[in-house]
Amino acid sequence: MDVILLLTSTVTLTSGIPLTLLLTAASLLAGLVLAVPLAFMRASSRKWLSLPVLAYTYVFRGTPLLVQLFIIYYGLGQIGIIRSSVLWVLLRDPFWCCLLAFSLNSAAYTTEIFRGGIQAVADGMIEAAQAIGMSPLQIKRRIIFPIAFRSVLPSYANEIISLVKATSLASTVTLLEITGHSRKLVSESFAPYEIFIAAGVLYLGLTFFLTGFFHALEARLNDAPRAKTHPDRVALQQVAHEQ
């Protein structure tokens, strides 16, 4: 193994980190915006609300992300209505196709993660919030979702880390993130061993950083309120005081 090539490749591939992080952050934000209302719909006892969301999450979680990306990148351009609409201005760009595919996929997984957290919130907490006169929207926004988010944070952190690694698929549609730069270097140097090891080191570094960040966040959210009493009770008492 050429150690010098490995080191120089690692430095060169860092130029793909900004695009990797941009795709990850934008997809997570869009996915989160979609997933929060969908999670409440999915957790609803009303079938006409929950079943359409179940169908959406089943399709996107049951098919490979690469297939979804290819359908959006190669398939939507074959539809005449889309090609003649303003959407084509965005969908002809591989970045926006990747963003759409990653966002929809992330939203599907995040919806099911949050759905589990929402359904795990104790009925007593909701009844107590109703007893002090909170509206259904206030209960969702100030009681259910904060408690659910804290309980599912480890699972959501895993989804974020998985998405970071999934951004490597953007290289299949010509985007030059970390893996895209790696493939370009391989075609120029014919040294795939060292270059892809360098790419793996960079992904490992990003994963290590995110894992540490979420462990610290989880400890902060879970440990701080327990110094006095149960965290859910503290949250409800704070809301009641603000009322």
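This structure is a prediction, so every number in the text was calculated from the model and none was measured.

Judged by side-chain polarity, Met1, Val3, Leu7 and Tyr193 come together as a nonpolar surface patch covering roughly 450 Å² of accessible area. Tracing the sequence through the fold places leucine 7 in helix α1 (residues 3-13). Owing to a relative accessible area of 51%, leucine 7 belongs among the exposed residues under this scheme.

Moving on: the nonpolar core. Residues Leu13, Leu23, Cys98, Phe102, Ile143 and Ile178 are the most contacted members of the largest nonpolar core, which totals 55 residues. At 14 residues, the largest contribution of residues to this core is made by helix α9 (residues 136-166). When sequence neighbours within four positions are dropped, the list of residues in contact with phenylalanine 102 reads Leu23, Ser27, Leu65, Leu163, Ala166, Thr167 and Ala170. Core analysis: the next-biggest nonpolar cluster, separate from the first, contains six residues, Leu38, Phe60, Ala107 and Ala108 among them.

A positive phi angle is found at threonine 174, which is not glycine, with a value near 80°. Note on placement: threonine 174 falls in the loop between α9 and α10 (178-189). Although it is not a glycine, phenylalanine 190 sits at a positive phi angle of roughly 55°. Among the structural elements, phenylalanine 190 can be located in the loop between α10 and α11 (192-223). In this structure phenylalanine 190 comes out as exposed when scored by relative accessible area, which is 70%.

Thresholds, definitions, all that
- Residues numbered from 1 in each chain as written.
- Predicted model: local features only at pLDDT ≥ 70, side-chain atom pairs only at ≥ 80, totals over all residues.
- Heavy atoms only, no water.
- Patch = residues over 30% accessible without salt bridge, like charges linked within 9 Å, V, L, I, M, F, W, Y side chains within 5 Å.
- Areas by Shrake-Rupley, 256 points an atom, 1.4 Å probe, with all protein chains shown as cover.
- Salt bridge = Lys/Arg side-chain N within 4 Å of Asp/Glu carboxyl O.
- Helix = DSSP H or I, 4+ residues; strand = E, 2+ residues; numbered from the N terminus.
- Buried < 20%, exposed > 50% of the residue type's maximum accessible area, 1.4 Å probe, protein only.
- Core = buried A, V, L, I, M, F, W, Y, C linked by side-chain atoms within 4.5 Å.
- Contact = heavy atoms within 4.5 Å.

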